[in-house]
Every structure is written in C-alpha cells, then in structure tokens.
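# Results of the structural survey
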Amino acid sequence: MCGATQGGLSLDGINVAKEAVVQGQVTRGGEPVGNAYVRLLDRTGEFTAEVPTSATGHFRFFAGEGEWTLRTLAPKADPVDRKVHAAVGSVAEVAVAI
Amino acid sequence: MSRENSLVTAQWVADHLDDPKVVLVEVDEDTTAYDKGHIKGAIKLDWTTDLQDQVRRDFVNKQQFEALLSERGVANDDTVVLYGGNNNWFAAYAYWYFKLYGHGDLKLLDGGRKKWELDSRELTEEVPTREKTSYTAQEQDRSIRAFRDETVEAIGVKNLVDVRSPDEYAGRLLAPAHLPQEQAQRAGHIPTAANVPWSKAANDDGTFKSDDELKKIYTEAGVDWSKDTIAYCRIGERSSHTWFVLKELLGQENVKNYDGSWTEYGSLVGVPVALGDERGEA
C-alpha cells in the first residue's frame, strides 16, 4: 500500500506514560504485509498475546517491563523472531521483514 | 464428545461451502474483521452487541437468542460451524454459548480464521442472505456455566484453571497484551488455580494439539481428572477455548466456564487473591 504512514502507528488516545508499548510494521520486500500474525512471547517463550497486522502491516502490544520476543507468521513465509525490550513510558518500534 | 464430533478442518469447510445445511458463523474479538473479508457464505455474530445484554452484564436471554438466530437464518437442524480470529477465542466462546442454549450440531473450525488465512484460502466481502427461520432455544444449560459464588467455593476443592498468560496470572499484567493495561480490578489469580495458558493447547497456526499432548499438558499442570473443573480468564472467552478442549475434545464430564472471570473476580470485595507465579493457599 503506497502512502502508508512511515515511522509507526499513531499514538493518539494512548496514555504512553502508563503503558509499555511495543509496535511496528511487517514488510515483505519493502511492502507492508496486511495478513500477517504477530505473537508476543514472554521471557520464557510463553505465548502472551497475538494480533493480526493492519492493512498497512502495523501491529501494537501493551506489554510489561522486560524482554519479549515477537514471532511473526505470514502465508508463504517462515516464522521470524525478533527480540524487543519494553519499558513503561516508552514505545519500542520494531520493523519485521519476512 | 470427541474431536470427530466437535472439530472440522479447513478442508472440510472448503468441501461444504455450498451445503445449505451448514452455516458458517464468524465471531471475532475485532468485530470489523468479517467486514474486511470472510469465508464464503459465512454470517457474522457480533459478540459485543448480538450476544450481550446491552444494559446488564449478562447474556441475551432465551427469547432474544431465538430472535437473533431466526433473523440470521439459522435453523435448529443446521450444522453450525464457528470460526474466528485470535485462535478462535471468540468462536469458542460462541460455541460454548450455543451449547448453553442447546444447539444440536455444532463444530469449531480447527485453527479458525488464522489457519484459513495462513493456508492462503479465499475470503470474500460478499454478505450472504439466508431465509429467516423460527429458531427454538433450550433453557440455559447451567451445568457448563459457573457463577462467582460457586467459583469462590471451588477454591481448594475443584480444579480451577486460569487460562490467562503467566504474566496476567502472576499479576504483572492486567489484560492480554494487545489491550491497554489500565484496568479497575485488582491483579492476580484465584488461590489454588493452576495456570494453564489457553495457548498451550494450540499450535502456532491456531489448530489444537493432539488429544495425547493435551491430556499430558493438563495432567502435568496438576489438573485432577477425578474432580470437577472451572476454567476462567479475563472475560470468559479464552476460558471457552479451554472449556472446549477439556469438555469437547478430551470428554471430561463436569467442566464449567466462569464467564464473569477476572473482570468480575478481581473486582469482588473480600475474596482471596493470590499474587505471583505460585498457586497460593486455600
């Protein structure tokens, strides 16, 4: 999708000071992937949450403090794992290329 | 019940897309997901409006449920196949809800919408029209629905299974991590509840693990198969997924879903709450 917002999702309406936001975009060959699934795994690898990506390939989680893994599943692609550190009051942006 | 009676594969659904007695029903947490594409012929139920009383915190009553299904064109003798996003959380919730009102032939699509999408199967935006029916529901089957007092009495007596993520169980998160964490209720879990996250029962693609794997998971987590079980989560949808596993796939006799779940329990005055990764004492 041309014209997709660069630099992450809008944070309008979200109290960033109280949340540990992890968000980002899934792309394939530079193009956003709108039918992917992103899973948030905790420090032990246990599933915590999952979201489908938006039409622009974006996803967002409200995590807790600490280390997390993002696992991205998409049609015709191998799963991709990305480590991320979340902290309350900050927004961790993660770009996932499949 | 058994896997053969309650679960169908994506291929089975693909083979029955034009069967008039098979009604596909999509139920998603994201109630707009259907509008952006769904399996051909599927109708939509909105869990926030169609399945909840709009004033009290409770389900629609028998007459409202009958009116809903009649209007959507679901007949008593139809095979209803439920599917949805989020690894079938809300589809499993709707499955349990249809069971509560006594629908006969009910199936869950293994893996739900995610498996269908990951298989690169077709979705359509075309909304089907179904002839209205005259649906008759049964009185609620309370043998599969737990309320708060019964849940408090089950502490240290029955199997309590908290199916939320470990961080929610321990009180480090108040809601699943795709939702904002600011919540009114206290954090933690019901003392003596085992933490068996619903996700342990599912593969990455959302399909259920094998019966042998499932049995092992709950046994190792301390579920006593000789006791009755109450499953809960935050609002009763993930615990429907676990209710489905224990009751419909593994055939355990007395399994209830506590749909009040943590949003109710964590707001009760005077009940015990355990914090941390340990179960806590009765």
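Residues numbered from 1 in each chain as written. Chains lettered and ligands numbered in written order. Predicted model: local features only at pLDDT ≥ 70, side-chain atom pairs only at ≥ 80, totals over all residues.

### A look at the confidence of the model for chain A
To keep it simple, the criterion reads: Across the chain, each position has a pLDDT score giving the predictor's confidence in that residue, from 0 to 100. A residue pair is marked as a contact if its C-beta atoms, positioned from the backbone, fall within 7 Å.
Per-residue confidence for chain A gives a mean pLDDT of 88; residues scoring 70 or more make up 92%. In the predicted structure, residues 1-6 of chain A sits below a pLDDT of 50 and forms six contacts with residues beyond four places in sequence or in another chain.

### Considerations on the sheet that holds strand β10 (residues 255-258) of chain B
All names here are of chain B. The criterion, for reference: One bridge is not enough; two strands pair if DSSP finds at least two bridges between them. Working definition: helices are DSSP H or I runs of at least four residues, strands are E runs of at least two. Numbering for both runs from the N terminus. What counts as an axis is a line fitted to C-alpha atoms, over the stretch in contact for a helix, and the angles between N-to-C directions run from 0 to 180 degrees.
Here five strands make up an open sheet; going across it, the order is β6-β10-β9-β7-β8 and the pairing parallel. Two strands bound the open sheet, and with one partner strand each, they are β6 (145-146) and β8 (194-195). Here helix α9 (residues 238-249) sits on the sheet in contact with β7 (159-162), β9 (229-232) and β10, set at roughly 175 degrees to β10.

### Regarding the interface of chain A and chain B
For clarity, the threshold we go by: Note on residue classes: Ala, Val, Leu, Ile, Met, Phe, Trp, Tyr, Cys and Pro are nonpolar, Asp, Glu, Lys and Arg are charged, and everything else, Gly too, is polar.
Taken together, the 23 residues of chain A in the interface contact 22 residues of chain B. For the side of chain A that touches chain B, the elements supplying multiple residues, two or more each, are β3 (37-41), β4 (47-52) and β5 (58-63) of chain A. No other element matches the six residues that β4 of chain A contributes to the side of chain A that touches chain B. Looking at side-chain class alone, the side of chain A that touches chain B contains 13 nonpolar, four polar and six charged residues.

### Quick notes on the sheet that holds strand β3 (residues 43-44) of chain B
Residue and element names in this part refer to chain B. Sheet architecture is open: five strands sit in the order β1-β5-β4-β2-β3, paired in parallel fashion. The two strands at the open ends of the sheet, each matched to only one other strand, are β1 (7-8) and β3. Where strand β2 (residues 22-26) meets strand β4 (residues 79-83), five bridges bridge the pair, whose relative direction is parallel. In the strand pairing of β4, glutamate 26 is matched with tyrosine 83.

### Some points on the nonpolar core
Applied cut-off: Residues of type Ala, Val, Leu, Ile, Met, Phe, Trp, Tyr and Cys that are buried and joined through C-beta atoms within 7 Å form what is called a nonpolar core. Partly exposed residues are those whose C-beta has more than 12 but fewer than 20 other C-beta atoms within 10 Å; with 20 or more the residue is buried, with 12 or fewer it is exposed, and the C-beta atoms are placed from the backbone. What fixes the domain bounds is an automatic or database domain assignment.
Counting 65 residues, the largest nonpolar core has Val25, Val81, Leu82, Ala91, Ala94 and Tyr95 of chain B as the members making the most contacts within it. A total of 11 residues in this core trace back to one element, the largest contributor, which is helix α4 (residues 85-100) of chain B. Residues lining this core come from more than one domain, with at least three contributed by each of domain 1 (3-140) and domain 2 (143-265) of chain B. Every residue in contact with valine 25 of chain B, bar those within four places of it in the chain, is listed here: Ala42, Ile43, Leu45, Val80, Val81, Leu82 and Ala94 of chain B. Counting residues in hydrophobic clusters, the runner-up holds 27 residues, among them Ala63, Trp68 and Ala74 of chain A together with Leu118 of chain B.

### Let's talk about the domain arrangement of chain B
When the parts come together, some accessible area is lost, and that loss is often what is quoted as the size of the interface. All names here are of chain B. When cut into domains, chain B gives domain 1 (3-140) and domain 2 (143-265). For domain 1 versus domain 2, the distance between C-alpha centres works out to 23 Å. On the domain 2 side, the residues contacting the 21 residues of domain 1 number 18 residues. Elements with a contribution of two residues or more to the side of domain 1 that touches domain 2: α1 (3-6), α4 and α5 (112-118). The element best represented in the side of domain 1 that touches domain 2 is α4, accounting for 10 residues. Here the residues of the side of domain 1 that touches domain 2 sort into 10 nonpolar, six polar and five charged.

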